[in-house]
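# Structural overview for review
Now for the letters of each chain:
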Amino acid sequence: MEQASRTQGFYSPIESKSPDEVREEKLQKVLRLIDAAYAQSGEFKTRMDEARIKPADIGSFEDFSRIPALRKKDLIRLQSEPGRLGGLLACDFGKLRRIYQSPGPIFDPEGRSRDYWGWAEAFHAAGFRRGDLVQMTFSYHLTPAGLMLEEPLMELGCAVIPAGPGNTDVQIDLMTRLPVTGFVGMTSYLDVIATKAADAGYKLKEDFKLEVAFVAAERLPESLRQKVQDAFGMIIRQGYGTADVGCIAYECLELSGMHASSRGLVEICEPGSGVPLPAGEMGEVVFTPFTDAYPLIRFATGDLSIMDESPCACGRTSSRLKGILGRVDDTAKVKGQFIYPSQAAEVVCMFPCVKGWQLVVDNPGGKDSLEIRTCCEGNLDVDKFMVKFQDKLKLRPKVTVLPESEEIPADAPKLLDKRRFD
Ligand SMILES: [Zn+2]
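Here we summarise the structure given alongside this text. Each chain carries its own residue numbering, running from 1 in the written order of its sequence. Restriction of local features to residues with pLDDT of at least 70 applies here, the model being predicted, together with a cutoff of 80 or more for giving and counting side-chain atom pairs; totals for whole chains, interfaces and linings are based on all residues. Values reported for side chains reflect all heavy atoms of the structure, with hydrogen atoms and water molecules removed beforehand.

## Things to note about the overall build of the protein chain
A run of DSSP states H or I qualifies as a helix once it reaches four residues; a run of E qualifies as a strand once it reaches two. Both are numbered from the N-terminal end. A count of helices and strands for the protein chain gives 13 helices and 20 strands. The globule rule used here is 2.2 Å times the number of residues to the 0.38 power, and the radius of gyration it is set against is calculated over C-alpha atoms. Relative to its length of 422 residues, the protein chain is compact, with a C-alpha radius of gyration of 23 Å against a globular reference of 22 Å. If you line up the protein chain on its principal axes, its C-alpha atoms span 65 × 60 × 40 Å. Looking at the 422 residues of the protein chain, the share that counts as buried comes to 51%. Contact between two residues is taken to exist if any of their heavy atoms lie within 4.5 Å; hydrogens are not considered. Residue pairs in contact within the protein chain that sit at least 24 positions apart in sequence constitute 62% of those at least 6 positions apart. Summing over all exposed atoms, the protein chain offers an accessible surface of approximately 19800 Å²; the carbon and sulfur share of this is 52%. Where the 53 positive side-chain charges of the protein chain centre and where its 61 negative ones centre are 1 Å apart. Accessible area is worked out with a 1.4 Å probe on protein chains only. A residue is then buried under 20% of its type maximum, exposed over 50%, and partly exposed in between. With residues, only the protein chains shown are counted as cover, and all accessible areas are computed by Shrake-Rupley using a 1.4 Å probe. Counted as positive: Lys and Arg. Counted as negative: Asp and Glu. His and the chain ends are not counted at all. Charged side chains are reduced to one point each, which is NZ for Lys, CZ for Arg, CG for Asp and CD for Glu.

Structure, rendered in structure tokens:
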């Protein structure tokens, strides 16, 4: 009975509205946000003025996409400039609820509005429901994870055990002596708990009452998800966001990618230019949260993904991100074309004889060249490899099979850019 209700309903009516209705609703929110941010955020006003754009010039998403993106790596420098966090903050410090600090170091201000970071719909989609008792294993101090992810649980009507990270024996003790149905943290840590508890003689499906987990902050291999889900007999779903903007996207129970959050605008853009790309093309995740206190308009995350606009069986109408497929810093533009190592990896997977590989970009004589170096066991069909590679990456590489005496270390960068521009 409890389990059935985990699969039903939406947190917010917007999740099942038609894409056109959602588009219109989001456009109105974007326009309001631009007016407010132009008046209150020195950073945004400067960015608009430098691009010679006035709020009145913006009436459509097309106009909106002309606003230059704000790069995550620029936040550190901007925040140290004069003004309220270099003008990024649109209210006085005392009007905030909290300020966190995340690696960078970057300050992450938290406004006072309800569900400020927007994770409630993500937790609902993951199957969390009123009445769950949830163990929170993210840290509660300085970095935002613990408190940021506790707020949606309060919104949904769950109770929280603020366990924080580590102390695995204590975590196990809490989970087995109290009816803990929910877990928030990293899947790899839940796996550690499972192993340690099993070693100590606990029966995971009987002594633990876990039914749902919301996980984040690390790459989640499907094999690990399956292993831990099976061990406890539970559901594990992940969310995607950053400490700057909160929730960007989240999985539903269908496991068909990550639904774009309804509390902001998700764009997939060409790295560098910030020009939006059509669905199906890989690009950088650019997010605009509809929050006034700290308006990070067109925030370029540095993460790569692909937008999928096909319908989802769960009934949510939002587009979905096809996972996080790499970092912008690991890409290079070669002959006007972006090279994504994750796409090269897909090609390599079709050729099991390739045991190691590396893309090498160079520009001898000022002309871009692309080479893929491979270590192989057995014979690589170079022509076939080249065709598959060209299909996927739209570029024809030089394929080099290294002699058996040479190898490419597993931790070597997948893309080596040796170009010099003088
Ligand atoms: Zn769905």
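## So, the nonpolar core
What makes a nonpolar core is a set of buried Ala, Val, Leu, Ile, Met, Phe, Trp, Tyr and Cys residues whose side-chain atoms join them at distances within 4.5 Å. Trp-119, Phe-123, Phe-128, Leu-153, Val-184, Phe-214 and Leu-321 are the most contacted members of the largest nonpolar core, which totals 50 residues. Ala-344, Val-347, Val-354 and Met-386 belong to the second largest nonpolar core, which has 23 residues in total.

## Structural notes on the coordination of the zinc ion
With water omitted from the atoms examined, metal sites may look incomplete; donors here are N, O and S atoms no farther than 2.8 Å from the metal, or 3.2 Å in the case of Na, K and Ca. Binding of the zinc ion to the protein goes through Cys-252 (SG), His-259 (NE2), Cys-312 (SG) and Cys-314 (SG), at separations of 2.1 to 2.3 Å. Angles of 101 to 113° at the metal separate the 4 donor atoms of the zinc ion, which places the site in the tetrahedral class. One chain supplies every donor for the zinc ion, spaced along it as C-x6-H-x52-C-x1-C. Each of the two residues, Cys-252 as well as His-259, counts as buried. In this scheme the shape depends on donor count and angles: four donors with every angle between 85 and 135 degrees give tetrahedral, four or six donors with opposite pairs above 155 degrees and others between 65 and 115 give square planar or octahedral in turn, and any other case is irregular.

## A closer look at the environment of Pro-68
Summarising the element assignment, Pro-68 is placed in the loop between helix 4 (61–64) and strand 1 (70–71). A relative accessible area of 33% places Pro-68 in the partly exposed class. A C-alpha to C-alpha distance of 7.4 Å links Pro-68 and Ala-51, two positions 17 residues apart in sequence. If we skip the residues at most four places from it in the chain, Pro-68 touches Arg-47, Ala-51 and Arg-298.

## Brief notes about the sheet that holds strand 20 (residues 415–417)
At least two DSSP bridges between two strands are required for those strands to pair. With respect to topology, 4 strands assemble into an open sheet ordered 19-18-17-20, the strand pairing being mixed. Of all the strands in the sheet, just strand 19 (398–401) and strand 20 have a single pairing partner and so form its edges. The average angle at which neighbouring strand axes cross in this sheet is 20°, direction not considered. Packed on one face of the sheet, helix 12 (residues 341–349) meets strand 17 (354–362), strand 18 (369–376) and strand 20 and runs near 145° to strand 17. All axes here are fitted lines through C-alpha atoms, helices being fitted over the stretch that makes contact, and every angle between N-to-C directions spans 0 to 180 degrees. Contacts from helix 13 (residues 382–393) reach strand 17, strand 18 and strand 19, with the element oriented near 135° to strand 19.

## Focus: a nonpolar patch on the surface
For patch detection, residues must exceed 30% relative accessible area and be free of salt bridges, and they are connected within 9 Å for like charges or within 5 Å for nonpolar side chains (Val, Leu, Ile, Met, Phe, Trp, Tyr). Here, a salt bridge means any side-chain nitrogen of Lys or Arg that lies within 4 Å of a carboxyl oxygen of Asp or Glu. Together, Phe-93, Ile-99 and Phe-107 make up an exposed nonpolar region whose accessible area comes to about 260 Å². Looking at the element boundaries, Phe-93 is found in the loop between helix 5 (75–79) and strand 2 (98–102).

## Describing helix 13
A helix's residues, less one, multiplied by 1.5 Å, set its expected span. Helix length check: helix 13, at 12 residues, gives a terminal C-alpha distance of 16 Å against a target of 16 Å (1.5 Å per residue), a fit within 8%. Along helix 13, the residues that are buried comprise Phe-385, Met-386, Phe-389 and Leu-393. Each buried residue of helix 13 sits inside an arc of 100° when the element is viewed along its axis, so together they form one side. The exposed set on the far side of helix 13, more than 90 degrees from its buried face, consists of Asp-383 and Asp-391. This arc corresponds to the set of directions leading from the helix axis out to the C-beta atoms.

## Here we look at the pattern of salt bridges
Applying the stated criterion across every chain, the model contains 28 salt bridges. Asp-49 serves as the salt-bridge partner of Lys-54, at 3.9 Å between the closest nitrogen and oxygen. The exposure class of Lys-54 is partly exposed, given its relative accessible area of 45%. With a relative accessible area of 30%, Asp-49 lands in the partly exposed category. Notably, a salt bridge pairs Arg-225 with Glu-251, separated by 2.8 Å at the nearest N-O pair. Placement of the pair is Arg-225 in helix 11 (residues 222–232) and Glu-251 in strand 9 (residues 246–251), with a sequence separation of 26 residues. We classify Arg-225 as buried; its relative accessible area is 0%.

## Digging into the packing of helix 12 against helix 13
Axis separation between helix 12 and helix 13 bottoms out at 10 Å; the angle between their running directions is 145°. Every pair of crossing elements has a handedness; the one defined by helix 12 and helix 13 is right-handed. Across the interface between the two elements, Gln-343, Ala-344, Glu-346, Val-347 and Val-348 of helix 12 pack against Phe-385, Lys-388, Phe-389, Lys-392 and Leu-393 of helix 13. Partitioning the contact of helix 12 with helix 13 into residue classes produces 6 nonpolar, 1 polar and 3 charged. For any helix crossing, the convention is left-handed if the near helix is rotated counterclockwise from the far helix by under a right angle, and right-handed if that rotation is clockwise. Side-chain classes are defined by residue name, with Ala, Val, Leu, Ile, Met, Phe, Trp, Tyr, Cys and Pro counting as nonpolar, Asp, Glu, Lys and Arg as charged, and the others, Gly among them, as polar.

## Observations regarding the pairing of strand 12 (residues 282–289)
The buried count for strand 12 comes to 8 of 8 residues, which makes it a mostly enclosed element. Alignment of strand 11 (residues 264–269) against strand 12, held across 6 bridges, turns out to be antiparallel. Within strand 12, the position partnered with Glu-267 by the bridge is Val-286. Pairing of strand 12 with strand 13 (residues 299–308) involves 5 bridges; the strand directions are antiparallel. Pairing of Met-282 across the sheet is with Ile-306, part of strand 13.

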